[in-house]
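Descriptive structure summary
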Amino acid sequence: MSEYLTRGAAQERAIAKLLHYGTGLASFIIAAGLVVEWLHPSTNTFGLGGGGLIKCGVALLILLPVARVALMLIQFAQARDTAYVAISALVLAIIATGFLAGL
Amino acid sequence: MIGALDGGTGNAVWLFAAAFGASALGGVLGMASGIFIVPILTFLFGVDIHTAIAASLVSVIACSCGSAAPLLKERLTNIRLAVVLETATTLGALTGVFLIGIIPTTYLYLLFAAILAVSAQQMLTRRREAAQTAVPDSRNWATVLRLHSAVPDRAGGAAAPYHVGSVPLGLSLMYGAGLVSALLGIGSGVLKIPAMDTALRLPIKVSSATSNFMIGVTAAASAGAYFVRGDINTALAGPVALGSVVGAIAGARMLMGLSGDKLRIFFVIVLVLLAVAMAMSGFGVHLKT
């Protein structure tokens, strides 16, 4: 059964990295936004204001799992795994439908 | 109620602290804190339930992504199975996005109460390993999709192979889990894990890791739509998500310090009380805080 364990190990490490650093970055941006807002509560929401930073961090968090599915799609494409390219693409399409429906 | 929610600094600190506490305690038992965020926001902070649901989804994503890496490195997550089941969970989430505007608030409260009750019941019963079937049918979905895998042995011994059970049944249960996730702003781990244990017959560690992995994508499908609609109050969602992530890390470290069984009973009591409070809100009886 060792083929199960060797298969995809590098793929899973890459996904782990994306999620780990992605969560770290988004949390850092939200924390920075909260600090900026605490120091300068009146700064405007756009540009470098605290509220704008928090919004950026939240948006990044929401996009992170979507980026993870996109990464998996690329990995399956590199492995020429057509069935799983199609399945990942379907997941992305369903999420995109939700985004578009929100507009 | 702790003041009006104007996104002020004092509030951000309280929101962070509340999410941190819920997440740290939840982390000790290895449970997601998402289910506590909506009751905390509605009862403690007086937030409208729709706003609370949207904000909670962001922290659900943060917790799922934040805890995924170690589980992936231990090779416990079945990522192929996850992406197959995500077609159903995201479709369920999409249905929830369309339904949430139509469903009366009363039903949302009652559904939330029901899910809290199920969580309490699940916390009381211990999960048992599903018996492994000997040889999988060569034409079933799991075989065709190459989903069977193995659990690595930590001590360096031989890996334990497992076969994945009924994929069609798993998919339909996951659709329901995705729907509930979008409607209530929770990760729906409480519905995903039984589906994986019973329908797919996965080893417990694999079903927990795979369920956690899928929760982020499921929540992102609905949170993305709510974000684009402008339904996510980021002044609320930001500190709550940050508190949840930091709390989850702290909770995992506290694991040894606290007695698991006492904490378990405490959580069951809290879940039951919250279920009663949610049901009362659903029937229009409002608690004065």
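Refer to the structure above for everything that follows.
Conventions and cut-offs
Residue indices begin from 1 for each chain and proceed along its sequence in written order. Think of it this way: whatever chain is written first is A, whatever ligand is written first is 1, and the rest follow in order. Given that the model is predicted, a residue must reach a pLDDT of at least 70 before its local features are reported, and side-chain atom pairs must reach 80 or more before they are shown or counted; all residues, however, enter totals for whole chains, interfaces and linings. Values reported for side chains reflect all heavy atoms of the structure, with hydrogen atoms and water molecules removed beforehand. To qualify as a helix, a DSSP run of H or I must reach at least 4 residues; to qualify as a strand, a run of E must reach at least 2; elements of each kind are numbered from the N terminus. Categorising residues by exposure relies on relative accessible area from a 1.4 Å probe, with only protein chains included: less than 20% of the type maximum marks a residue as buried, more than 50% marks it as exposed, and the intermediate range marks it as partly exposed. When checking whether two residues touch, look at their non-hydrogen atoms; a contact exists if any pair is within 4.5 Å. Surface exposure here means Shrake-Rupley accessible area, sampled with a 1.4 Å probe, where a residue is shielded only by the protein chains that are shown. Two N or O atoms form a polar contact when they lie within 3.5 Å of each other; inside protein one atom must be a possible hydrogen donor and the other a possible acceptor, and for residues adjacent in sequence the pair counts only when both atoms belong to side chains. A helix is expected to span 1.5 Å multiplied by its residue count minus one. To get the bend at a residue, fit one axis to the 7 residues ending there and another to the 7 starting there, then take the angle between the axes. One side-chain nitrogen of Lys or Arg within 4 Å of one carboxyl oxygen of Asp or Glu is enough to make a salt bridge. Aromatic pairing here means that ring centres of Phe, Tyr or Trp (its six-membered ring) are within 6.5 Å. Orientation follows from the plane angle: under 30 degrees is stacked, over 60 is edge-to-face, and everything else is tilted. Two limits define a charge over a ring: the Lys NZ or Arg CZ must be within 6 Å of the ring centre, and within 35 degrees of the ring normal. Accessible area that two parts lose when put together, with a 1.4 Å probe and added across both, is what the buried area reports. Polarity classes work like this: nonpolar for Ala, Val, Leu, Ile, Met, Phe, Trp, Tyr, Cys and Pro, charged for Asp, Glu, Lys and Arg, and polar for all others, with Gly in that last group. Side-chain atoms within 4.5 Å are what join buried Ala, Val, Leu, Ile, Met, Phe, Trp, Tyr and Cys residues into a set we call a nonpolar core. A patch consists of residues whose relative accessible area exceeds 30% and which take part in no salt bridge; residues with like charges are grouped when within 9 Å of each other, and nonpolar side chains (Val, Leu, Ile, Met, Phe, Trp, Tyr) when within 5 Å.

**Some words on the overall build of chain B**
Along the backbone of chain B there are eleven helices and two strands. Going from the N terminus to the C terminus, chain B shows its helices and strands as α-α-α-α-α-α-β-β-α-α-α-α-α. Relative to its full complement of 289 residues, chain B shows a buried share of 55%. Long-range contacts, defined as pairs at least 24 residues apart, comprise 80% of the intrachain contacts of chain B with a sequence gap of at least 6.

**Considering the overall build of chain A**
In terms of helices and strands, chain A carries four helices and zero strands. Going from N to C terminus, chain A has its helices and strands arranged as α-α-α-α. Split into buried and exposed, the 103 residues of chain A put 41% on the buried side. Entry remark: accessible area of chain A is about 5500 Å², with carbon and sulfur atoms responsible for 71%.

**Quick notes on the side chain of E86 of chain B**
In this structure, E86 of chain B sits in helix α4 (residues 79-99). There is a polar contact of 2.7 Å between the side chain of E86 of chain B and the side chain of R68 of chain A.

**Some words on helix α9 (residues 204-229) of chain B**
A turn of α-helix holds 3.6 residues, and therefore any two residues three or four places apart point the same way. Residue and element names in this part refer to chain B. Compared with an ideal rise of 1.5 Å per residue, which puts 26 residues at 38 Å, α9 spans 38 Å between its outermost C-alpha atoms and is within 8% of the ideal. The sharpest bend along α9 comes to roughly 25°, located at A220. Taking burial as the measure, the 26 residues of α9 include 21 buried ones, the bulk of the element. Positive backbone phi, approximately 85°, marks G230, located one or two places after α9.

**Description of the pattern of salt bridges**
Inspection of the entire model under this criterion finds five salt bridges over all chains. Between D81 of chain A and R80 of chain B there is a salt bridge, with the nearest N and O atoms lying 3.2 Å from each other. With one member in each of two chains, D81 of chain A in the loop between α3 (50-78) and α4 (82-102) and R80 of chain B in helix α4 form a pair that bridges those chains. Look at D81 of chain A and you get buried, because its relative accessible area is 9%. Among the ionic pairs, R146 of chain B bridges to D81 of chain A, the shortest N-O distance being 3.0 Å.

**Here we look at the packing of aromatic side chains**
Counting across every chain of the model gives four aromatic pairs over all chains. Each member of the aromatic cluster is reached from another via a ring pair, and the members are F36, F266 and F267 of chain B. For the cation-ring pair, R80 of chain B lies above Y84 of chain A, with the distance from its terminal atom to the ring centre recorded as 4.3 Å.

**Section: unusual backbone geometry**
Residue and element names in this part refer to chain B. Here R75, not a glycine, exhibits a phi torsion of approximately 65°, which is positive. Looking at where R75 falls in the secondary structure, it is placed in the loop between α3 (49-73) and α4. The exposure class assigned to R75 is buried, which follows from its relative accessible area of 17%. Phi is positive for S188, close to 65°, though the residue is something other than glycine. Relative to the elements of secondary structure, S188 occurs in the loop between α7 (167-184) and α8 (189-199).

**As for the interface of chain A and chain B**
Contacts between the two partners involve 47 residues from chain A and, on the opposite side, 53 residues from chain B. For the pair chain A and chain B, the summed buried surface comes to about 4300 Å²; carbon and sulfur atoms form 76% of the total. For the interface between chain A and chain B, the tally reads four salt bridges. Our count for the chain A to chain B interface comes out at six residue pairs in polar contact (both at pLDDT 80 or more). With 14 residues, helix α2 (residues 9-39) of chain A is the largest single contributor of residues to the side of chain A that touches chain B. Classifying every residue of the side of chain A that touches chain B gives 32 nonpolar, nine polar and six charged.

**Focus: α4 of chain B**
Residues and elements named next belong to chain B. Between its first and last C-alpha, α4 extends 29 Å over 21 residues, near the 30 Å set by a 1.5 Å rise per residue. At L85, α4 shows its strongest bend, of approximately 35°. Within α4, 17 of the 21 residues are buried, leaving the element largely enclosed by the surrounding structure.

**Examining the nonpolar core**
Judged by nonpolar contacts, the single largest core of 113 residues is most densely connected at L41, L147, V164, F213 and I232 of chain B. With 14 residues, α3 of chain B is the single largest residue contributor to this core. In this structure L147 of chain B touches Y84 of chain A together with N78, R80, L81, V84, A142, V164 and V167 of chain B, once residues within four positions along its chain are discounted.

**Some thoughts on the environment of A93 of chain B**
Within the secondary structure layout, A93 of chain B lies in helix α4. The contacts of A93 of chain B, once residues within four sequence positions are left out, are G178, L179, A182, T218, A221 and S222 of chain B.

**Digging into a nonpolar patch on the surface**
All names here are of chain B. A contiguous nonpolar surface patch, about 410 Å² in accessible area, is contributed by L124, I265, I269 and L273. The biggest single contributor to the nonpolar patch is helix α11 (residues 260-282), with three residues. Within the secondary structure, I269 sits in helix α11. Residue classification places I269 among the partly exposed residues on the basis of a relative accessible area of 47%.

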